There are 2 protein chains.
Amino acid sequence: MDLCTMDLRITRQRGFLLFIFTCSSLLHGSRGEIPSKPTGGVTILPPIKPDNGPQAFPDAEKENMPVFTMNYSRIQIPFEITLWVLLASFAKIGFHVYKKITVWVPESCLLITIGLIVGGIMHSVHEEPPAVLRSNVFFLYMLPPIVLDSAYFMPTRPFFENIGTVLWFAVVGTLWNSIGIGMSLYAICQIEAFGVQDINLQENLLFATIISAVDPVAVLSVFEDVSVNEQLYIVVFGECLFNDAVTVVLYNMFNFVAEMPVVEPVDVFLGVARFFVVGFGGMGFGILFGFTAAFTTRFTSRVREIEPLFIFMYSYLAYLVAELFSISSIMAIVTCALTMKYYVEENVSQRSCTTIRHVVKMLGSIAETLIFFFLGVVTITTDHEWNWGYILFTLLFAFVWRGLGVLVLTQIINPFRTIPFNFKDQFGLAYGGLRGAISFALVFTLPDSIGRKQLFVTATIAVILFTVFLQGISIRPLIEFINVRRTNRNLDTINVEIHCRIMDHTIAGIEDLCGQWSHFYWKDNVPVVIASYHDAQRK
Amino acid sequence: MDLCTMDLRITRQRGFLLFIFTCSSLLHGSRGEIPSKPTGGVTILPPIKPDNGPQAFPDAEKENMPVFTMNYSRIQIPFEITLWVLLASFAKIGFHVYKKITVWVPESCLLITIGLIVGGIMHSVHEEPPAVLRSNVFFLYMLPPIVLDSAYFMPTRPFFENIGTVLWFAVVGTLWNSIGIGMSLYAICQIEAFGVQDINLQENLLFATIISAVDPVAVLSVFEDVSVNEQLYIVVFGECLFNDAVTVVLYNMFNFVAEMPVVEPVDVFLGVARFFVVGFGGMGFGILFGFTAAFTTRFTSRVREIEPLFIFMYSYLAYLVAELFSISSIMAIVTCALTMKYYVEENVSQRSCTTIRHVVKMLGSIAETLIFFFLGVVTITTDHEWNWGYILFTLLFAFVWRGLGVLVLTQIINPFRTIPFNFKDQFGLAYGGLRGAISFALVFTLPDSIGRKQLFVTATIAVILFTVFLQGISIRPLIEFINVRRTNRNLDTINVEIHCRIMDHTIAGIEDLCGQWSHFYWKDNVPVVIASYHDAQRK
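As recorded in an unreviewed UniProt entry, chain A goes by Sodium/hydrogen exchanger and comes from Gasterosteus aculeatus aculeatus. Chain A has a UniProt comment under Sequence similarities (unreviewed entry) that states "Belongs to the monovalent cation:proton antiporter 1 (CPA1) transporter (TC 2.A.36) family." What UniProt states about chain A under its Subcellular location (unreviewed entry) heading is, verbatim, "Membrane".

This is the structure we're talking about:
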């Protein structure tokens, strides 16, 4: 009978299913669950036999045929996932019904706020939060759809026109931020008054790497709302997607170094080697799976109903294989999407194409919503360690080094650019460096051997909330105030399109004549080579 | 070092990743996995240090910075699911490239055959099969998309015109089969020569219930290939979908009774009560979630990108809630789909509508493919108990009682039908009673307390393979031979459509005048009432 009472309490705590208690004859057993198994099932037995029980069950003390059974643990996982997704979807509907809010406050801020409220409620009833952002769930199930969405709908032409700048910011910018913030924080740690002398250089660098990762989710949701000009958008966009490689390498390197007594020169060399393995490895897998996907869709003309599945499966496989080898999975899925998109959309039917686009958008959108939502929830339900000095200086350094980095890096890259970044663009780049779920997930995966992990978690959350709320809310008025060039997309008429293409081909021809092969040559020739092979195969 | 060797062996057994061994410096640690955790990770360390190791790693005995790491256990689940889905999709492409095969052999048979081959390979290398059909995975993740697919694309008009016949076959037919086969098998068990005297009446009835469930997946895939006439199709279709309620009740009842010393009259009463709870409960949840979904889509006009998600979430929720209370989840999802479809397709955008239809079809199709495939795999990898007498008589009785049942039940229902079933239709109905994955999943969930569970498993597999292969392959030539009326769908011109509607309204009006309310009245008025409420809300 003790077991029954406990089970009842568990069920009561869960907050629903209360109406069940009115039923009088609830017995064990359910389809698909072996009744003899004693654990797992939330079984509800009549707690106290009432004296005036209903006449229909005259012998309820003996186990009769059950009219009504339930087994919550069996459906718990899919049920709770469905409920979370529905809750997030409702929030999204809510914001758009009251359109006035989202004009001033980015959706990400609203979602975090709702998450904070839900987290508060869950915390007050001692409900365990879902372990989404602390575990592999984030990297294995939430991040891939978001990155696939970003990559699939990436404006290809401006991206490849700015690829140099993108890589420059992604690689050098992230290194700059990590080392700058890490060193500065180490200097701060030497001040006795803050009481953080036990954090050594390696741990500071590790922490700095975590908060250097500019987050695609946070940044893009704000930049899309604000609709800044294409160059700015694509550089921040690209930086977010590609700094993953650098962050992963640095994170693993500092994580490894933090547990190591001495650092040898060979480790530095191996670190650099690892950077190339991570970056080009991810790219390689992406290209491989992208072409395989493009090739597979040539044979799907008779199985149109499962056509879109191949796109999702191959992208995901690229991501997973990259994760398997701890190389840049974001690089892999981005490259895969970019590689296959052109061919796939030619091969599949019109309906499949609509479905692919809609589903990619849908999954990305809901994963994004869920992440911000959980960010709020987990912020409340985590144990924090607050240290004014360390956290405030973290905020300051994160802001200052980002600003300095953009200033210096744009000065270096500007001479090589057709349209150089002006001061306003620099402001947009620096101010758009929002941190988000990637930092959050990375800080939770820190090994427990790091003494001040709690402090790092708190500081990371502070940086995320600071950048998402303060910068996220103020970026729109500021950009409007200083009059940053706004979007110039959606202006392409067919006339413009045709002239651009003719121009491209002409430049590529001139380059060919001169014997100087630049990106026009590659843009012009590589797809032609592949397409002609493709056409030859078709005949 | 022992651990390393063991890990290597595990990886080798898994059959891939062999090329990894060529790399010389593979160390532990991966993003998103706490390195200090010792279990779970498939870590690969250099097994034997070669004397002439590469010069780049001069001190490989000491742990250097890892250039290359891998962690299989972390991505195992999504990775293997993706691979299975891809394998099944390739099989589907393969059949359609060699179109000649599928004309004579139904796709389900081909898939089982491939499953048998893969199962054989897995068995020979002692690989564990995926526990898909033995566990809740089938009921929680594979069945819902299939049933949603069937229900969403169900031809509504013929279905409601034949609903009486459908319910008649679903309820009375399933009872007839279960009791008939169960009793006959019990009689066989009394013959000493077969050596199955230890199977009592309750166990025989339980087993008979399991193999009475006509499977929507098996039947529909054959009937769609053959394209029989609409009446026949819709009756078999409806029977498959709705006999779930009866099967679930009978299964739970006999399962309960099998462990019970004596059966009291009150248990029979409770069993009947449970049948109504299961059937109408499922229907109630379906209607509830269907209308909620329809209502929700009225507010999604600004969040078009997540619109389709609501359809999937609500249908799935209806299914899960029904599973929670062990009521007919198939009823719930079918009713939900039927209820919401009309309103949802009016509310959502054209693109969302295409996406919903395509995704429903896609998920249903791939789940179906996977089920047949796994059916083959698990058939090989299961331990069997073979008993000639019992299994042959099971096959015989399953066939005979189905035939007798159809004969008797059509004789009773024919006077009430506008188009009575002729002998050819009866043959189609009887011969189309294929058993499939539902029986398979149910027999595996039998409690271990049943002594001859192994025999029941083997007999169920025998019935499934017999019906799917022999009946499935021969049904097309036989139907062509006896010239069963073929499909009369796709004949509706707008003219026919308009006249049908006018006819419906006229009959409903005449019924109204006569004061006699039949199904024309309900068909005509119920949607009007809801639609006018709906319109009033919109203004």
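Brief notes about the pattern of salt bridges
Counted according to the given criterion, the structure contains 20 salt bridges over all chains. Between E307 of chain B and R304 of chain B there is a salt bridge whose closest N-O contact spans 2.3 Å. Note on R304 of chain B: relative accessible area 29%, which makes it partly exposed. Two residues, D448 of chain B and K453 of chain B, come together in a salt bridge whose shortest N-O distance is 3.3 Å. Assessed through its relative accessible area of 56%, D448 of chain B is described here as exposed. Residues participating in the shared-partner salt-bridge network are D198, E385 and R452 of chain A.

Side note on the packing of helix α11 (residues 265–296) of chain A against helix α12 (residues 307–324) of chain A
Residue and element names in this part refer to chain A. Taken N-terminus to C-terminus, the directions of α11 and α12 make an angle of 160°; their axes are 9 Å apart at the nearest point. As summarised for this structure, α11 and α12 are arranged roughly antiparallel, according to the angle between their axes. Between α11 and α12 lies a crossing of right-handed hand. Contact residues: F285, F289, T292, A293 and T296 in α11; F310, Y314, L317, A318 and V321 in α12.

Side note on the nonpolar core
In this structure, F138, F223 and Y390 of chain A together with F138, F223 and Y390 of chain B are the most contacted members of the largest nonpolar core, which totals 291 residues. If we skip the residues at most four places from it in the chain, F223 of chain A touches V228, L232, Y233, V236, G428, G432 and I475 of chain A.

Section: the packing of aromatic side chains
Enumeration according to the criterion identifies 56 aromatic pairs over all chains in this entry. Centre to centre, the rings of F373 of chain B and F374 of chain B are 6.0 Å apart; their planes meet at 55°, and the pair counts as tilted. Between W386 of chain B and W388 of chain B, the aromatic rings sit 5.4 Å apart at their centres with planes inclined by 85°, giving edge-to-face as the arrangement. For W386 of chain B, a relative accessible area of 46% gives the class partly exposed. The structure contains a cluster of three or more aromatic residues connected by ring pairs, namely W84, F373 and F374 of chain A. The lysine or arginine in question, R417 of chain B, covers the ring of F421 of chain B, its NZ or CZ lying 4.2 Å from the ring centre.

Description of the confidence of the model for chain A
All names here are of chain A. Averaged over every residue, the pLDDT of chain A is 77; residues scoring 70 or more account for 78%. Here helix α1 (residues 2–13) stands out as the least confident element of chain A, with mean pLDDT 38; α12 is the most confident, with 93. Under a pLDDT of 50 for its full length, residues 1–61 has, in the predicted model, 99 contacts with residues more than four places off or in other chains. Within the model, pLDDT remains below 50 along residues 528–539, and this stretch shows seven contacts once partners closer than five positions in the same chain are excluded. Here the complex is predicted with pTM 0.78, and the ipTM for its interfaces comes to 0.77.

Here's the deal with the packing of helix α4 (residues 107–124) of chain A against helix α14 (residues 350–381) of chain A
Residues and elements named next belong to chain A. Two elements in contact, α4 and α14, have axes whose closest approach is 6 Å; the angle formed by their N-to-C orientations is 40°. One way to sum up the angle between α4 and α14 is to call them oblique. For the crossing formed where α4 meets α14, the hand is right-handed. Of the residues in α14, those in contact with S108, L111, I112, I114, G115, L116, V118, G119, G120, M122 and H123 of α4 are T369, F372, F373, L375, G376, V377, T379, I380 and T381. Grouping the amino acids of the contact of α4 with α14 by side-chain chemistry returns eleven nonpolar, nine polar and no charged.

With respect to helix α17 (residues 437–444) of chain B
Along α17 of chain B, eight of the eight residues are buried, which leaves the element largely enclosed by surrounding structure. When α17 of chain B is considered as a whole, its buried residues turn out to be A437, I438, S439, F440, A441, L442, V443 and F444 of chain B.

Rules used throughout
Residues numbered from 1 in each chain as written. Chains lettered and ligands numbered in written order. Predicted model: local features only at pLDDT ≥ 70, side-chain atom pairs only at ≥ 80, totals over all residues. Heavy atoms only, no water. UniProt positions renumbered as here; feature names shortened; annotations may be inferred. Salt bridge = Lys/Arg side-chain N within 4 Å of Asp/Glu carboxyl O. Buried < 20%, exposed > 50% of the residue type's maximum accessible area, 1.4 Å probe, protein only. Axes fitted to C-alpha atoms, helices over the stretch in contact; angles between N-to-C directions. Helix = DSSP H or I, 4+ residues; strand = E, 2+ residues; numbered from the N terminus. Parallel < 35°, antiparallel > 145°, perpendicular 65-115°, else oblique. Left-handed = near helix turned anticlockwise from the far one by under 90°. Contact = heavy atoms within 4.5 Å. Core = buried A, V, L, I, M, F, W, Y, C linked by side-chain atoms within 4.5 Å. Phe/Tyr/Trp six-rings, centres within 6.5 Å; stacked < 30°, edge-to-face > 60°. Lys NZ or Arg CZ within 6 Å of the ring centre and 35° of its normal. pLDDT = per-residue confidence, 0-100. Nonpolar A, V, L, I, M, F, W, Y, C, P; charged D, E, K, R; others polar.

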